[in-house]
Amino acid sequence: MRKEDCFYLGKIVKKHSFKGEVVIKLDTDEPALYRDMESVFVDLGGNLVPFFIKKSSLSRSTMLRVHFDGVNTEEEADFIMKAGIYLPLDLLPKLQGDQFYFHEIIGFTIIDAVHGDVGVLVYINDKAAQPMFEIEKGDVEIFIPMIDDFIKKIDRKNKQVHVETPEGLIDLYLN
């Protein structure tokens, strides 16, 4: 399985018992959807390796306690610590309206209410406190904060994200 064909579900953050159980911090708004999975892909050295789940339980809001088949000791659990957890893209629930997954709008054109075609969305930087649309227009990079009030419409058919940005924001990059 290739990483491009998967979505990031979370990360193994700690061991839970001496029997090899681990805790996965889920990166999702709906952790209950992933409570009863049969398997996941674990990122080991850049390769996605399938791991089958013996049992799992949701603890706290986004923590999933998992016992993987074949991981039965603390030492075996150490081998997968801090690894990313992935699932195939086709397992993502379909979103409607103006809800979107970051990966699905990459390549969409950003249309501003005042400026019109701002450029093409090339990346969503979600590493900072405020996620940002990274847009390319020719050789200019434009950054727009991903704020719900700015995003007016997701047009999947025409591959466009319609935004209404504060006065002067886009001008900072174009002038």
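Residues numbered from 1 in each chain as written. Predicted model: local features only at pLDDT ≥ 70, side-chain atom pairs only at ≥ 80, totals over all residues. Heavy atoms only, no water.

Novice: Honestly, the nonpolar core in this entry has me stumped. Any pointers?
Specialist: Counting 23 residues, the largest nonpolar core has V40, V42, F68 and I80 as the members making the most contacts within it. Other than its neighbours up to four places away in sequence, V42 contacts N47, L48, V49, F51, F68, I80, A83, G84 and I85. F100, I110, L121 and I135 belong to the second-largest nonpolar core, a separate cluster that totals 19 residues. (Core = buried A, V, L, I, M, F, W, Y, C linked by side-chain atoms within 4.5 Å. Buried < 20%, exposed > 50% of the residue type's maximum accessible area, 1.4 Å probe, protein only. Contact = heavy atoms within 4.5 Å.)

Novice: Would you take a moment to explain the layout of surface pockets for this structure?
Specialist: To find the voids left in a structure, one rolls a probe of water-molecule size over its atoms. Of the pockets and cavities examined, the largest pocket occupies roughly 1200 Å³. Lining the largest pocket are 29 residues, with D27, F100, Y101, F102 and D126 positioned closest to its centre. Of all the secondary-structure elements, those providing two or more residues to the lining of the largest pocket are strand 1 (6-15), helix 2 (102-105) and strand 8 (116-125). At four residues, strand 1 tops the list of elements feeding residues into the lining of the largest pocket. A breakdown of the residues in the lining of the largest pocket according to their chemical character gives 19 nonpolar, three polar and seven charged. (1 Å grid on protein atoms, 1.4 Å probe; cavity = no way out; pocket = protein on both sides within 12 Å on 5 of 7 lines; lining within 4 Å. Points joined across faces, edges and corners; volume = space filled by probe spheres on them. Helix = DSSP H or I, 4+ residues; strand = E, 2+ residues; numbered from the N terminus. Nonpolar A, V, L, I, M, F, W, Y, C, P; charged D, E, K, R; others polar.)

Novice: Where do I start with the pattern of salt bridges in this structure?
Specialist: Opposite charge on two side chains allows them to pair when their charged atoms are near. Counted under the stated rule, the structure contains eight salt bridges. Of the charged contacts, one joins K15 and D78 as a salt bridge, the two residues approaching to 2.7 Å between their closest N and O atoms. Linking K15 in strand 1 with D78 in helix 1 (residues 74-80), this pair joins segments that are 63 residues apart in sequence. Residue K15 is classed as partly exposed on the basis of its relative accessible area of 31%. What makes D78 partly exposed here is its relative accessible area of 40%. Note that E21 and K55 form a salt bridge whose closest N and O atoms lie 3.5 Å from each other. Here K55 lies in strand 4 (residues 47-59) and E21 lies in the loop between strand 1 and strand 2 (22-26), a separation of 34 residues in the sequence. (Salt bridge = Lys/Arg side-chain N within 4 Å of Asp/Glu carboxyl O.)

Novice: Sorry, what's going on with the sheet that holds strand 3 (residues 39-44) here?
Specialist: Backbone hydrogen bonds hold the strands of a sheet together, and the pairing may be parallel or antiparallel. Taking strand neighbours around the barrel as the criterion, the six strands line up as 1-2-5-4-3-6 in a closed arrangement whose pairing is antiparallel. Averaged over all neighbouring strand pairs, the angle between strand axes comes to 45°, with direction disregarded. Here strand 2 pairs with strand 5 (residues 63-68) via four bridges, running antiparallel. Each residue of the ladder has a partner; that of V22, found in strand 5, is V66. (Pairing = 2+ DSSP bridges. Axes fitted to C-alpha atoms, helices over the stretch in contact; angles between N-to-C directions.)

Novice: Just checking my understanding: could you explain the pairing of strand 1 for this structure?
Specialist: Successive side chains on a regular strand alternate, one facing one side of the sheet and the next facing the other. Where strand 1 lies against strand 6 (residues 84-88), five bridges are found, and the strand directions are antiparallel. Residue pairing in the sheet places C6 in a bridge with P88 of strand 6. One ladder, built from five bridges, connects strand 1 with strand 2; its direction is antiparallel. Across the sheet, the residue bridging to K11 is K25, located in strand 2. Between strand 1 and strand 2, which follow one another and run antiparallel, lie six residues, and G20 among them has a positive phi close to 95°.

Novice: How should I be thinking about the sheet that holds strand 8 in this particular structure?
Specialist: Taking strand neighbours across the sheet as the criterion, the six strands line up as 10-9-8-7-12-11 in an open arrangement whose pairing is mixed. Two strands close off the open sheet at either side, each with one partner strand: strand 10 (140-145) and strand 11 (151-155). For this sheet the average axis-to-axis angle between neighbouring strands, irrespective of direction, equals 35°. The pairing of strand 7 (residues 109-112) with strand 12 (residues 160-163) spans four bridges and is classified as parallel. Paired with I111 across the two strands is H162, which belongs to strand 12.

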